[in-house]
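If you want the building blocks of each chain, they are given just below.
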Amino acid sequence: MSLLPQIEQSLQALDAGFDVEAGQLAENIARYLLLIEKWNRIHNLTAIRDPRDMLIQHVLDSLVVLPHIHGPQIVDVGTGAGLPGIPIALARPDWQVALVESNQKKTAFLQQAKIELKLHNVQIMPQRIEQLEAKPVNTIISRAFSELGEFIALTRQWATVENAGCRWAAMKGNCTEQERRQVQAPFAIENTMTLRVPGLDAMRQLIIIKHEQS
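A short tour of the structure in this document, coming up. (Residues numbered from 1 in each chain as written. Predicted model: local features only at pLDDT ≥ 70, side-chain atom pairs only at ≥ 80, totals over all residues. Heavy atoms only, no water.)

**Some thoughts on the state of the cysteines**
And then number 1: Tallied over the full model, the rule gives zero disulfides.
And then number 2: Of the cysteine sulfurs around Cys-166, a residue in no disulfide, the closest is that of Cys-175, at 18 Å.
And then number 3: For Cys-166, a relative accessible area of 1% gives the class buried. (Disulfide = S-S within 2.5 Å. Buried < 20%, exposed > 50% of the residue type's maximum accessible area, 1.4 Å probe, protein only.)

Written out as structure tokens, the structure is:
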């Protein structure tokens, strides 16, 4: 099966409630995957080389969280090649997605992806997350960024009265109880969801964290 039909079939199986026409979304995802493949030859953005494998392990793995997070203001911490932020931005053009990444080679790729995919709802922030000034946001998300304790420690400046409804969303494999205990007051785990990624035979969890005193 060629790449585009595989993407279309996978999106149908995912059924995550996209806010854009399915054919257009599939075409944009294909362009994104081929751009990663092109840059990967020089910059090693990801260890996964085949766009078909990237589709399952990166893009679908990113999009599966959509029904469980809230916009319209999203901050993607340690986004790397734009994961999960770019797939989310493609699927929800009505949301504003900030991609936080301090690695210069990766931010160069993100700038190119923003241009080629016409991602007007994406802002690239080439800084370390702890250096950013807090602003009103709805969801702070990370994928394979750090353990829960560090994730919270580096982003706690967003725990303000203005962000009382903000949630921290950590995308994980199988999060251990030991790691969960790193989340301490005034933060608390609000929900843990097991997610199914079509075509992926591996555990995926989404840990939702709230700040109880904001």
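Resuming the write-up.
**So, the pattern of salt bridges**
And then number 1: One pass over the structure, following the stated rule, counts seven salt bridges.
And then number 2: Between Arg-52 and Asp-50 there is a salt bridge; the shortest N-O distance is 3.8 Å.
And then number 3: On the accessibility criterion, Arg-52 (33% relative accessible area) is partly exposed.
And then number 4: Here Arg-92 makes a salt bridge to Asp-94, at a shortest N to O gap of 2.7 Å.
And then number 5: The exposure class assigned to Arg-92 is buried, which follows from its relative accessible area of 19%. (Salt bridge = Lys/Arg side-chain N within 4 Å of Asp/Glu carboxyl O.)

**As for the nonpolar core**
And then number 1: Counting 53 residues, the largest nonpolar core has Ile-7, Ile-29, Val-65, Ile-86, Phe-109 and Leu-206 as its most contacted members.
And then number 2: At nine residues, the largest contribution of residues to this core is made by helix H2 (residues 22–43).
And then number 3: Setting aside chain neighbours within four positions, we find Ile-86 in contact with Tyr-32, Ala-81, Leu-99, Leu-110, Ala-113, Leu-117 and Leu-119.
And then number 4: Counting 22 residues, the second largest nonpolar core, distinct from the first, contains Ala-98, Ile-152, Phe-187 and Ile-207. (Core = buried A, V, L, I, M, F, W, Y, C linked by side-chain atoms within 4.5 Å. Helix = DSSP H or I, 4+ residues; strand = E, 2+ residues; numbered from the N terminus. Contact = heavy atoms within 4.5 Å.)

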